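# A closer look at the structure
The lines below spell out each chain.
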Amino acid sequence: MNKALTKIAGTCTALAVSVAPVMAQEYRWDMPNEYAKASGHYYDEIFADKLREATGGAIDITNHYGGSLGYKSKDHWNVVEDGAAQVASTYTGVFAGIDPIFLLVSMPFLARNIDESKALYDAARPWYEAAFEKGNQKLLLAVPFPPVGIWAKQPVTDTDELAQIRIRTYDKTSTVALKAAGANAVQLSWADIVPALTTGTIDAVLTAGEGGVLSSFYEHMDHFNAINYVAGTQMFHINKDAFDALTPGLQETVLQIAKETEDEAWEAIKERVEKSYVAMREQGVTIITEDDLADGFLDSLKEASQVVFQEWRDKMPEGAADKIIASFNDMK
């Protein structure tokens with residue numbers, strides 16, 4: 001081989017070495033979730049599996065359920081903002097201290113069923129996106145929670161019965177609202193619920209029927225009071241630097257899979273709720289419906305919750321709350 005051919009061959013080899021790592025670039029992301037998969041959080045893994053398949057393994061997400069990375073939901077903002085984890089699945093009501101828009105997802109008696117929950121999310125999505133943007137993050141999708149009720153050892157059909165229970169709440173909003181209604185409310189993370197039930201620290205839990213079934217709450221409580229307190233959402237958010245580091249093609253794929261996962265979750269939620277009610281009855285759980293509630297009980301709960309609703313309105317930029325609620329009402 002002459003010198004010219006040797007030089008060309010060497011150049012080609014060098015190019016192959018420099019290009020190969022780019023072509024074979026792989027992204028390994030961690031995705032924390034405070035809640036256990038058994039509490040109904042299927043879609044973290046579904047999203048990860050879909051994305052892994054769509055990218056041929058180029059993007060590989062490891063799901064960390066049950067706070068196994070040591071992060072509570074309230075930690076996820078800083079964790080994702082700083083890139084300690086690239087993406088997270090979070091009940092974003094715990095971010096209310098960062099931006100008041102996140103109060104909306106936990107606003108009691110505003111979105112009380114699945115259709116209303118979707119309408120509220122769609123109405124507020126531009127505000128959610130803007131809030132995440134300020135934290136070096138990008139909103140990918142939201143999946144719905146089934147409507148929240150009260151798991152308890154007895155019926156909770158009026159204010160007197162509400163005052164008799166020691167109930168776990170899941171964020172500041174629910175704690176303030178139920179205390180205003182007369183309940184003995186204490187905020188606990190999901191992982192702390194069963195130990196608190198076992199020791200008698202609490203005897204009731206504010207959560208969805210499905211989550212309670214999957215976590216065998218019927219071993220401790222035999223009533224589910226379906227007050228439809230709220231039908232909220234869980235949001236997936238990604239570190240903006242991690243997203244921007246992807247090629248345009250991979251970015252498009254991430255957004256496409258996010259949309260597919262979101263659509264699938266909203267389509268399936270009503271059937272999930274129906275199945276959870278069947279499962280509760282099979283386990284001997286008595287379901288208290290709104291028809292079983294004392295006259296005026298729901299009205300008293302709604303009135304008590306006005307304190308947090310007004311707090312949200314006051315914290316939002318001028319006119320923003322009215323725009324969101326008007327859009328929500330139109331979508332309903």
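What you see is a predicted model; the values in this text were computed from it and never measured.

What follows deals with the overall build of the protein chain. Scanning the protein chain from N- to C-terminus turns up twelve helices and eleven strands. For the protein chain, the spread of C-alpha atoms along the principal axes amounts to about 95 × 45 × 30 Å. The 332 residues of the protein chain split such that 52% are buried. In the protein chain, the share of contacts with a sequence separation of at least 24, taken over all contacts with a separation of at least 6, comes to 76%. As displayed, the protein chain has an accessible area near 14,800 Å², and 51% of this comes from carbon and sulfur atoms.

Turning our eyes to something else, we now look at the pattern of salt bridges. According to the stated counting rule, one finds 21 salt bridges in the structure shown. Linking Arg125 and Glu129 is a salt bridge whose minimum nitrogen-to-oxygen distance equals 2.9 Å. With a gap of four residues between them, Arg125 and Glu129 both fall in helix H4 (residues 114-134), about one helical turn apart. The class for Arg125 is buried, based on a relative accessible area of 18%. One connected set of salt bridges, linked through shared partners, spans Glu26, Arg28, Asp49, Arg52 and Asp60.

Moving on, we come to the nonpolar core. Counting 80 residues, the largest nonpolar core has Tyr128, Ile150 and Trp312 as its most contacted members. Here the element with the most residues in this core is H4; it accounts for nine residues. Setting aside chain neighbours within four positions, we find Ile150 in contact with Val156, Leu162, Ile165, Ile167, Ala204, Val205, Leu206, His223, Phe224, Asn225 and Ile227. Within the second largest apolar cluster, 23 residues are counted, among which are Val87, Leu141, Val143 and Phe236.

Spatially, six strands are ordered E7-E6-E8-E5-E9-E11 in an open sheet, and the strand pairing comes out mixed. Taken across any chain shown, the strands that pair with only one partner, and hence form the sheet edges, are strand E7 (184-187) and strand E11 (286-288). Each adjacent strand pair in this sheet contributes to an overall mean axis angle of 30°, direction not counted. Pairing of strand E6 (residues 166-169) with E7 involves four bridges; the strand directions are parallel. Bridge assignment links Ile167 to a residue of E7, and that residue is Ala185. This element, helix H6 (residues 172-180), spans E6, E7 and strand E8 (204-208) of the sheet and lies at about 170° to E7. Across the sheet, helix H10 (residues 248-282) is in contact with strand E5 (148-152), strand E9 (223-225) and E11; its angle to E11 comes to roughly 130°.

Before going further, it helps to examine the packing of H6 against helix H11 (residues 297-315). Running from amino to carboxyl end, H6 crosses H11 at an angle of 145°, the nearest separation of the two axes being 6 Å. The two elements H6 and H11 meet at a crossing, and its hand is right-handed. On H11, the residues that touch Lys172, Thr173, Val176, Ala177 and Ala180 of H6 are Ala304, Ser305, Val307, Val308 and Glu311. Its residues placed into classes, the contact of H6 with H11 shows six nonpolar, two polar and two charged.

Right, let's get into H11. Taking 1.5 Å per residue, 19 residues should reach 27 Å; H11 reaches 28 Å between its end C-alpha atoms and fits that length. The sharpest bend along H11 reaches about 35° and sits at Gln306. Restricting attention to buried positions, one finds in H11 the residues Phe297, Leu298, Leu301, Ala304, Ser305, Val308, Phe309 and Trp312. Its buried side turned inward, H11 meets helix H5 (159-163), H6 and helix H12 (320-331).

Mapped onto the elements of the fold, His223 is located in strand E9. Of the residues examined, His223 reaches a relative accessible area of 13% and is grouped as buried. In contact with His223, other than residues within four places in its own chain, are Ile150, Trp151, Ala152, Lys153, Gln154, Pro155, Val285, Thr286 and Ile288.

Here the focus is unusual backbone geometry. Residues other than glycine seldom take positive phi values, yet Asn136 does so here, at roughly 55°. Inspection of the secondary structure puts Asn136 in the loop between H4 and strand E4 (137-144). According to the relative accessible area criterion, Asn136 is partly exposed, its value standing at 22%.

Our focus in this paragraph is the packing of helix H2 (residues 43-54) against H10. The N-to-C vectors of H2 and H10 enclose an angle of 145°; their axes lie 10 Å apart at closest approach. In this structure, H2 meets H10 at a crossing whose hand is right-handed. Together, Tyr43, Ile46, Phe47, Lys50, Leu51 and Ala54 of H2 and Thr253, Val254, Ile257, Ala258, Glu260, Thr261, Glu264, Ala265, Ala268 and Arg272 of H10 make up the contact between the two elements.

Attention now goes to H4. Here H4 spans 29 Å end to end across 21 residues, near enough to the 30 Å set by a 1.5 Å rise per residue. Taking the largest bend as the criterion, H4 deviates by roughly 55°, centred on Ala124, and proline Pro126 comes between one and four positions later. Those residues of H4 that fall on the buried side of the exposure criterion are Ile114, Glu116, Ser117, Ala119, Leu120, Tyr121, Ala123, Ala124, Arg125, Tyr128, Ala131 and Phe132. Here the buried face of H4 lies against helix H3 (76-82), E4, strand E10 (233-239), H10 and H12. The N-terminus of H4 is capped by Asn113, whose side-chain oxygen sits 3.2 Å from the backbone nitrogen of Asp115. Once H4 ends, the next one or two residues include Asn136, with phi positive near 55°.

Calculation notes
- Residues numbered from 1 in each chain as written.
- Predicted model: local features only at pLDDT ≥ 70, side-chain atom pairs only at ≥ 80, totals over all residues.
- Heavy atoms only, no water.
- Helix = DSSP H or I, 4+ residues; strand = E, 2+ residues; numbered from the N terminus.
- Buried < 20%, exposed > 50% of the residue type's maximum accessible area, 1.4 Å probe, protein only.
- Contact = heavy atoms within 4.5 Å.
- Areas by Shrake-Rupley, 256 points an atom, 1.4 Å probe, with all protein chains shown as cover.
- Salt bridge = Lys/Arg side-chain N within 4 Å of Asp/Glu carboxyl O.
- Core = buried A, V, L, I, M, F, W, Y, C linked by side-chain atoms within 4.5 Å.
- Pairing = 2+ DSSP bridges.
- Axes fitted to C-alpha atoms, helices over the stretch in contact; angles between N-to-C directions.
- Left-handed = near helix turned anticlockwise from the far one by under 90°.
- Nonpolar A, V, L, I, M, F, W, Y, C, P; charged D, E, K, R; others polar.
- Expected span 1.5 Å × (residues − 1).
- Bend = angle between axes of the 7 residues up to and from the residue.
- Polar contact = N/O pair within 3.5 Å; in protein donor to acceptor, adjacent residues only side chain to side chain.

Everything listed is a geometric property; what it means functionally is a separate question.
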